[in-house]
Amino acid sequence: GAGVSQSPSNKVTEKGKDVELRCDPISGHTALYWYRQSLGQGLEFLIYFQGNSAPDKSGLPSDRFSAERTGGSVSTLTIQRTQQEDSAVYLCASSSNRGQETQYFGPGTRLLVL
Amino acid sequence: DQQVKQNSPSLSVQEGRISILNCDYTNSMFDYFLWYKKYPAEGPTFLISISSIKDKNEDGRFTVFLNKSAKHLSLHIVPSQPGDSAVYFCAASARRSARQLTFGSGTQLTVLP
């Protein structure tokens, strides 16, 4: 079946602009995660959605970052007033969360803020 | 404060030999551990996992060992193949943290033909 998909694959924007990144999780997966990987770093947790519960936003680095998950499926990560330090690969993952802990990742969106 | 550490940024191994990738963690609440493999321009791909109730899990050429007392885990690849060349990330999660994964910084494995 289809894996996790993300769009766009690459995004170049100017400092101060807003960007939206999209994630389509694996069908039937109730848990959805956003991570980011800055150059030379490991993956950093940003936000977690589980079903209809309130999201765990504990990893968001600032209030410029927000995310939504509509209908329990597609998720959008929004970065307002982008800064150069926001440049990174943004990765989305999903899991079934029915006792299975494995998270399956999408290919990521490479964001470059000029 | 890095809770998951991969102290070797790179490792080179001859084809056919064993590759051993190491990972250390500090958070005693972690109870599930995973290894992911990542090729350039792709997302991480799940490789193998282990629960804290076990000390070994094997899947084909890949074996993960967990030493809870030392807070250490390792991934063994035998025999290593050139296609195994990738960045390997160790990750950990804790039941109380909604299963968010904490990743190490990765180890670049190069398998030489």
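Here is a short report on the structure shown in this document.

What counts, and at which threshold
Residues numbered from 1 in each chain as written. Chains lettered and ligands numbered in written order. Predicted model: local features only at pLDDT ≥ 70, side-chain atom pairs only at ≥ 80, totals over all residues. Heavy atoms only, no water. Phe/Tyr/Trp six-rings, centres within 6.5 Å; stacked < 30°, edge-to-face > 60°. Buried < 20%, exposed > 50% of the residue type's maximum accessible area, 1.4 Å probe, protein only. Helix = DSSP H or I, 4+ residues; strand = E, 2+ residues; numbered from the N terminus. Contact = heavy atoms within 4.5 Å. Buried area = accessible area lost by both parts, 1.4 Å probe. Salt bridge = Lys/Arg side-chain N within 4 Å of Asp/Glu carboxyl O. Polar contact = N/O pair within 3.5 Å; in protein donor to acceptor, adjacent residues only side chain to side chain.

### Structural notes on the packing of aromatic side chains
- Summed over the entire model, instances satisfying the criterion amount to 13 aromatic pairs over all chains.
- Ring centres of Tyr25 of chain B and Phe33 of chain B lie 4.7 Å apart, and the angle between their planes is 40°; on these two criteria the pair is classed as tilted. We note that Tyr25 of chain B, like Phe33 of chain B, is buried.
- Each member of the aromatic cluster is reached from another via a ring pair, and the members are Tyr33, Tyr35, Phe45, Tyr48, Tyr104 and Phe105 of chain A together with Tyr36, Phe46, Phe89 and Phe103 of chain B.

### What to know about the environment of Asp55 of chain B
Residues and elements named next belong to chain B.
- On the secondary structure map, Asp55 appears in the loop between strand S5 (45-51) and strand S6 (56-59).
- As a C-alpha pair, Asp55 and Ser80 span 25 residues in sequence and 22 Å in three-dimensional space.
- Dropping the residues within four chain positions of it, Asp55 is found in contact with Ile50, Val64, Phe65 and Leu66.

### Section: the interface of chain B and chain A
- The partner chain A presents 18 residues to the 17 residues of chain B that form the contact.
- Both faces combined, the contact of chain B with chain A buries some 1,500 Å², and carbon together with sulfur accounts for 59% of it.
- On the surface where chain B and chain A come into contact, there are zero salt bridges.
- Taken together, the links from chain B to chain A amount to three residue pairs in polar contact (both at pLDDT 80 or more).

As far as function goes, none of this settles anything; it's purely spatial.
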